[in-house]
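Summary of structural features
Spelled out, the chains give:
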Amino acid sequence: MRLPNNHWGKILQSECSKPYFDQLSQFIELEYEKHIIYPTNNQIFYALQLTDYDQTKVVILGQDPYHGEGQAEGLAFSVGNHMPLPPSLRNIMKERSSDIGISESGNGSLVEWAKQGVLLLNTVLTVRAGEANSHQHKGWELFTDAIISKLSSKEEPIIFVLWGKPAQQKKQLIAPHHIIIESVHPSPLAAYRGFWGSKPFSKINEHLIALGHSPIDWNN
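As a starting point, this report considers the structure included with it. (Residues numbered from 1 in each chain as written. Predicted model: local features only at pLDDT ≥ 70, side-chain atom pairs only at ≥ 80, totals over all residues. Heavy atoms only, no water.)

Before going further, it helps to examine the side chain of Asn-205. Among the secondary structure elements, Asn-205 is positioned in helix H9 (residues 200-210). Under the relative-accessibility criterion, Asn-205 is labelled buried at 13%. Looking at Asn-205, its side chain comes within polar contact range of the main-chain nitrogen of Ile-216, at 2.7 Å. With residues up to four places along the chain from it excluded, the contact list for Asn-205 reads Pro-215, Ile-216 and Trp-218. (Helix = DSSP H or I, 4+ residues; strand = E, 2+ residues; numbered from the N terminus. Buried < 20%, exposed > 50% of the residue type's maximum accessible area, 1.4 Å probe, protein only. Polar contact = N/O pair within 3.5 Å; in protein donor to acceptor, adjacent residues only side chain to side chain. Contact = heavy atoms within 4.5 Å.)

Take the packing of aromatic side chains next. On inspection of all chains with the given rule, the structure shows twelve aromatic pairs. Taking the centre distance of 6.0 Å and the plane angle of 75° together, the rings of Phe-45 and Trp-140 count as edge-to-face. Of the two residues, Phe-45 sits in the loop between strand S1 (37-38) and helix H4 (46-50) while Trp-140 sits in helix H7 (residues 140-152), which places them 95 residues apart along the sequence. Classification of Trp-140 as buried rests on a relative accessible area of 0%. Note on Trp-140 and Phe-143: the rings are 5.9 Å apart at their centroids and 65° apart in plane angle, and the pair reads as edge-to-face. Of the two residues, Trp-140 and Phe-143 both sit in helix H7, three residues apart, roughly one turn of that helix. The residues Trp-140 and Phe-143 share a single accessibility class, namely buried. (Phe/Tyr/Trp six-rings, centres within 6.5 Å; stacked < 30°, edge-to-face > 60°.)

Here the focus is helix H3 (residues 19-34). Spanning 16 residues, H3 covers 23 Å between terminal C-alpha atoms, matching the ideal 22 Å at 1.5 Å per step. Listing the buried residues of H3 in full gives Tyr-20, Phe-21, Leu-24, Ser-25, Ile-28, Glu-31 and Tyr-32. Along the long axis of H3, the arc covered by the buried residues comes to 135°, so they all point the same way. Turned more than 90 degrees away from the buried face of H3 sit Pro-19, Gln-23, Glu-29, Glu-33 and Lys-34, all of them exposed. (Expected span 1.5 Å × (residues − 1). Arc of directions from axis to C-beta.)

The parallel open sheet is built from four strands, whose spatial order is S3-S2-S5-S6. Since the sheet does not close on itself, it has two edges, and those belong to strand S3 (118-122) and strand S6 (179-183), each with one partner. Across the sheet, the mean angle separating the axes of adjacent strands is 20° when strand polarity is ignored. One ladder, built from five bridges, connects strand S2 (residues 58-62) with S3; its direction is parallel. What sits directly across from Gly-62, in S3, is Asn-122. (Pairing = 2+ DSSP bridges. Axes fitted to C-alpha atoms, helices over the stretch in contact; angles between N-to-C directions.)

This part is about the side chain of His-178. Counting through the fold element by element, His-178 comes out in the loop between helix H8 (165-168) and S6. Polar side-chain contacts of His-178 include one of 2.8 Å to the backbone oxygen of Ser-152. When near neighbours in sequence (up to four residues on either side) are disregarded, His-178 contacts Leu-151, Ser-152, Lys-154, Glu-156, Pro-157, Ile-158 and Phe-160.

For a regular strand, side-chain orientation follows a simple rule: the groups alternate between the two sheet faces. Alternating positions in S6 separate cleanly, Ile-179, Ile-181 and Ser-183 being buried on one face and Ile-180 and Glu-182 remaining unburied on the opposite face. Of the pairings in the sheet, the one linking strand S5 (residues 159-163) to S6 comprises five bridges and is parallel in character. Across the sheet, residue Leu-162 finds its bridge partner in S6, namely Glu-182.

In this section: unusual backbone geometry. Negative phi characterises most residues that are not glycine, and trans characterises most peptide bonds. Across the junction of Tyr-38 and Pro-39, the peptide omega takes the value -5°, indicating a cis bond. Mapping Pro-39 onto the fold places it in the loop between S1 and H4. Unlike most non-glycine residues, His-82 shows phi in positive territory, near 70°. The exposed category is assigned to His-82, whose relative accessible area is 81%. Not every positive phi belongs to a glycine, and Lys-199 is a case in point at roughly 50°. Among the secondary structure elements, Lys-199 is positioned in the loop between S6 and H9. Assessed through its relative accessible area of 38%, Lys-199 is described here as partly exposed.

What follows is the structure, encoded as structure tokens:
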């Protein structure tokens, strides 16, 4: 597994020399040989490739990639162009429409968000086809915790968006000078308990403007 050829690649190089990452790499290599794994091998670090360390203004945490064919593209909550929107992403788009008035287009790729400094980070970066959470507890969590910790060490405040309990458990890694926006998960099982009306998109932009940054254009 090759890290992106950008600042992230340099920052995380020491992480890649640790024993757990060597074991993880061997496991992932065998998984790609024996099973159908999502996303494709060259998209594992796509989030880091699109949103470099110095460019990161917002972090939206997901769990593991979508496990259906053609869905995962290496960005949390995002799906490839022309793919039907999974339920959580559909609810995110509905809340966006309610919050800031952007109509639902049916396009589920969030690449344009990533290009503006929104790191769409899953805490587990690979999954077997049709088997949700199949690559949990293999080492990815240690790696993505390191990413969160590296961002937490920045002096400039970053906005962390934590939807649901698994994401909110990462608060212990985030220094107090950063900004946290949290609610229940956008999943249909939880959204009615407080995701609707939480207005994350307008809140993010209000904070960015207060910090002297350009707001995110949430069109995708």
